[in-house]
Amino acid sequence: MYARAMRIGLITCGELPEPDPDAAILDEGLRAAGHEPVMVAWDDPSMDAAGVRALKLDVLALRSCWNYPERPDAFLAWVRMAHGVTRVVNEPDVVAWNVHKGYLLELAAGGVPVVATRVVGRGGEAALPEDGEFDGGLVVKPAGGAGAVGARRFGAEERDGALAYLRALSA
């Protein structure tokens, strides 16, 4: 528990793709702990440096920025701007590192257990794992996607569909 109540900015987007069932739980928990949650839409034009400063936040935390893959450069610029105004829980360099799912390969190389990951660059050769590696199924998702947006799961018997989807994404 913090020694004092804080105004906590929860970074979201202006238009959520679906209702967020956890929002009320988080809001309730923060209020019960004596804090004041404030939703801050990163893509709201009024949330420039002056707008963020006017909120008088103690801290900003990434919450539900589901549309950042549509404009990753604008999102990262906003996070850097906000970091210059108040403390952002994740440093902008960490946020930038996480925007592309290639960071999973770096974690794996460092010995951190992660889901089996391969990255296919734009226009790269799209290939699937060998049959033995594919027996439990496969998830294909955009390298710049948020959550499960654009992700599809394929069973071992759906190899052709998985390859077609992978090729479409890498094109």
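See the structure above.
Parameters at a glance
Residues numbered from 1 in each chain as written. Predicted model: local features only at pLDDT ≥ 70, side-chain atom pairs only at ≥ 80, totals over all residues. Heavy atoms only, no water. Core = buried A, V, L, I, M, F, W, Y, C linked by side-chain atoms within 4.5 Å. Buried < 20%, exposed > 50% of the residue type's maximum accessible area, 1.4 Å probe, protein only. Helix = DSSP H or I, 4+ residues; strand = E, 2+ residues; numbered from the N terminus. Contact = heavy atoms within 4.5 Å. Arc of directions from axis to C-beta.

Looking now at the nonpolar core. In this structure, Val-40, Trp-42, Leu-60, Phe-75 and Trp-78 are the most contacted members of the largest nonpolar core, which totals 20 residues. If you list the elements that add at least two residues to this core, you get β2 (36-41), α3 (72-85) and α4 (92-99). Looking at which element gives the most residues to this core, the answer is α3, with five residues. Once residues within four sequence positions are removed from consideration, Trp-42 is found in contact with Ile-11, Thr-12, Cys-13, Cys-65, Asn-67, Tyr-68, Arg-71, Ala-74, Phe-75 and Trp-78. If you look at the next biggest cluster of nonpolar residues, it comprises six residues, including Met-6, Ile-8, Leu-10 and Leu-30.

What follows deals with the environment of Leu-166. Turning to its location among the elements, Leu-166 is positioned in helix α7 (residues 159-170). The class of Leu-166 is buried, set by a relative accessible area of 13%. Residues Leu-166 and Val-139, 27 residues apart in the sequence, show an inter-C-alpha distance of 9.8 Å.

Along α4, the residues classified as buried are Pro-92, Val-95 and Val-99. Along the axis of α4, the buried positions cluster into a sector of 60 degrees, meaning they face one direction only. Summarising the contacts, the buried residues of α4 are in contact with β3 (59-64) and α3.

Function-wise, these values are silent; they only describe arrangement.
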